[in-house]
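# Notes for the structure review
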Amino acid sequence: MGPLVKKKKEVWERLELLAQGAKFDVSCASSGVTRNNKASFLGNASRFGICHTFTSDGRCISLLKVLLTNHCHNDCAYCVNRRSNDHPRTFLSPEELAYVTYQFYRRNYIEGLFLSSGIIRSADYTLEKMIDTVKILRRKYGFDGYIHLKILPGASEATIVEAIRWADRVSVNLELPTPQSLVKLAPEKNMKELLSIIELISKKIDEFRENPSGYNAKGGQSTQLIVGASPEPDLIILTLSQQLYKKYKLKRVYYSAYIPVNQDGRLPAVSHPPLLREHRLYQADWLIRFYGFTVDELLSPERPNLEEGLDPKLAWALRNLHYFPIDIMKASYHELLRVPGIGPTSAKRILNYRKHTSLSPESLKKLGVVIKRAKYFITINGKMIDQKAKVDSLQSFVFKPQPKMTQLELFF
């Protein structure tokens, strides 16, 4: 075996370890950036996003999601890479990681790079190495594809600004929704410092927005919250998310169901990750961002958690029966968005379609309305679609004990 083959094999083994160490970070998906490559450059950035996930149009997107190193001087209770864990540690140099990314892209294995890292020496030193990786990709290999950089807590403002200049999107993970839980489970981290980094990123992205040259994180920033590692209810989690969207203009808050990877007395004993709770939080988050709902409409101190058996929009509708039924021929866009089974796209189609002709159950289906949900809450010119579809009968059905899958089968 020649030295070149040995080197490739050794790099591949390190890459495998570092990819495993990055898999629990979910704060990467749609980039929101569309950019055709420059002359002589390699790769495009797509607004549909870059990650191992499915886009709204059904495409599966891939990216190289990897750590620069899984060494870390932090000892976060929930993290597989914490310093007290006894497992193999490794590192890829900026030159090695840039070369691997370039080769993967050339072979059409990936569409971009999500680069995070544990912290070695200092946050500044590590983030500078991450930036060096990106610069080699951009300058040496002419890579113009999507790059998401994780910002490391403790890095200086100058280093953070440099990271923003070279990335399409950046993120710093809050991980936990309150300062108390963060101090308990991640003692080296500080909520005030993390929020100040998010504020700095938001400010710099705004300043760079008018600059047509450079990458300047035009895809914005995101963050991640772990669900179930600490005792906070959904009300606290979604209130924080709502504030992040309003105050700091975050593109996404990602929710990650707590997966026990460490034995630690500070962590809850769980047999299964709270995946359904994670799903409900994403649905509620969607309502806040795109449907005009507020957290106060979905939750309250008396009812601090989302109902796992119902999607949040249907649960809200059943608690607000006085709002319904609404006439599909007269309702405003905002009113249409309140109807279970009607989303932003179908609501816009309804407004446009009814300008020219009357609607019918068949035409509503063609416009994307989920009739089996919406029929309980709407009329067409004052008439119910289905005379048997009374809201009261729906309410009694939903809250009556049913066979295990009936409710999910009915509404999804």
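These remarks concern the structure in this document. Bear in mind that the values here come from a model prediction, so they are computed numbers and not experimental data.

Further remarks concern a nonpolar patch on the surface. Residues F24, I259 and V261 make up a contiguous nonpolar surface patch of roughly 200 Å² in combined accessible area. The class of F24 is partly exposed, set by a relative accessible area of 31%.

Our next topic: empty space enclosed by the protein. Gaps left between atoms are located by rolling a probe of water-molecule size over the structure's atoms. One pass over the full model with this rule turns up 1 cavity of 30 Å³ or more. Looking at the lining of the largest cavity, the element that brings in the most residues is helix α10 (residues 312-319), giving 3 residues. Across the lining of the largest cavity, the residue classes tally to 6 nonpolar, 1 polar and 4 charged.

This part takes up the nonpolar core. Counting 113 residues, the largest nonpolar core has L149 and I328 as the members making the most contacts within it. Residue contributions to this core peak at 8 residues, all from helix α6 (residues 191-208). For L149, the residues in contact, after removing those within four places along its chain, are L115, M130, I131, V134, A163, A167, R169, V170 and S171.

Moving on: the pattern of salt bridges. A full pass over the atoms with the stated rule returns 15 salt bridges. Notably, a salt bridge pairs R266 with D264, separated by 2.8 Å at the nearest N-O pair. Here R266 falls in the partly exposed class, since its relative accessible area comes to 26%. D311 is paired through a salt bridge with R373; the nearest N and O atoms lie 3.9 Å apart. With D311 in the loop between α9 (295-298) and α10 and R373 in helix α14 (residues 371-374), this residue pair connects regions lying 62 residues apart in the sequence.

Axis angle and axis distance: for two packed helices, these are the angle between their axes and the distance between the axes, and together they describe the pair. For the pair helix α7 (residues 234-248) and helix α8 (residues 275-290), interaxial distance at closest approach is 11 Å and the crossing angle is 35°. The way α7 lies across α8 gives a crossing that is right-handed. Between α7 and α8, the residues in contact are D234, I237, L238, S241, Q242 and Y245 and R277, L281, A284, D285, I288 and R289, respectively. Split into classes, the residues belonging to the contact of α7 with α8 amount to 6 nonpolar, 2 polar and 4 charged.

In this section: α8. Counting along an α-helix, one turn takes 3.6 residues, and residues three or four places apart therefore face a common direction. Its 16 residues place the ends of α8 22 Å apart at the C-alpha level, agreeing with the 22 Å of an ideal helix rising 1.5 Å per residue. Within α8, burial applies to R277, E278, R280, L281, Q283, A284, D285, L287 and I288. Positioned one or two residues after α8, G292 has a phi angle of 80°, which is positive.

When you line up the elements, F377 lands in the loop between α14 and β10 (378-380). Using a relative accessible area of 0% as the deciding quantity, one classes F377 as buried.

On to the packing of aromatic side chains. Both the distance between ring centres and the angle between the ring planes are used here to describe each pair of aromatic rings. Under the counting rule described, the total for this entry stands at 13 aromatic pairs. With a centroid separation of 5.1 Å and 85° between ring planes, the pair formed by Y105 and F143 is classed as edge-to-face. Highlighted residues: Y105 in helix α2 (residues 94-106) and F143 in the loop between α3 (123-140) and β5 (146-150), separated in sequence by 38 residues. An angle of 85° between the planes, with centres 5.3 Å apart, marks the rings of F293 and W316 as edge-to-face. You can see F293 sitting in the loop between α8 and α9 and its partner W316 sitting in helix α10, a full 23 residues away along the chain. We classify W316 as buried; its relative accessible area is 5%. Three or more aromatic residues link up through ring pairs in this structure, and these residues are F293, W316, Y323, F324, Y376 and F377. A cation over an aromatic ring shows up here: K65 above the ring of F114, its NZ or CZ 6.0 Å from the ring centre. Residue placement shows R138 over the ring face of Y215; its charged tip is 3.6 Å from the ring centre.

Conventions and cut-offs
Residues numbered from 1 in each chain as written. Predicted model: local features only at pLDDT ≥ 70, side-chain atom pairs only at ≥ 80, totals over all residues. Heavy atoms only, no water. Patch = residues over 30% accessible without salt bridge, like charges linked within 9 Å, V, L, I, M, F, W, Y side chains within 5 Å. Areas by Shrake-Rupley, 256 points an atom, 1.4 Å probe, with all protein chains shown as cover. Salt bridge = Lys/Arg side-chain N within 4 Å of Asp/Glu carboxyl O. Buried < 20%, exposed > 50% of the residue type's maximum accessible area, 1.4 Å probe, protein only. 1 Å grid on protein atoms, 1.4 Å probe; cavity = no way out; pocket = protein on both sides within 12 Å on 5 of 7 lines; lining within 4 Å. Points joined across faces, edges and corners; volume = space filled by probe spheres on them. Helix = DSSP H or I, 4+ residues; strand = E, 2+ residues; numbered from the N terminus. Nonpolar A, V, L, I, M, F, W, Y, C, P; charged D, E, K, R; others polar. Core = buried A, V, L, I, M, F, W, Y, C linked by side-chain atoms within 4.5 Å. Contact = heavy atoms within 4.5 Å. Axes fitted to C-alpha atoms, helices over the stretch in contact; angles between N-to-C directions. Left-handed = near helix turned anticlockwise from the far one by under 90°. Expected span 1.5 Å × (residues − 1). Phe/Tyr/Trp six-rings, centres within 6.5 Å; stacked < 30°, edge-to-face > 60°. Lys NZ or Arg CZ within 6 Å of the ring centre and 35° of its normal.

Remember that the coordinates give geometry; whether it matters functionally is a separate question.
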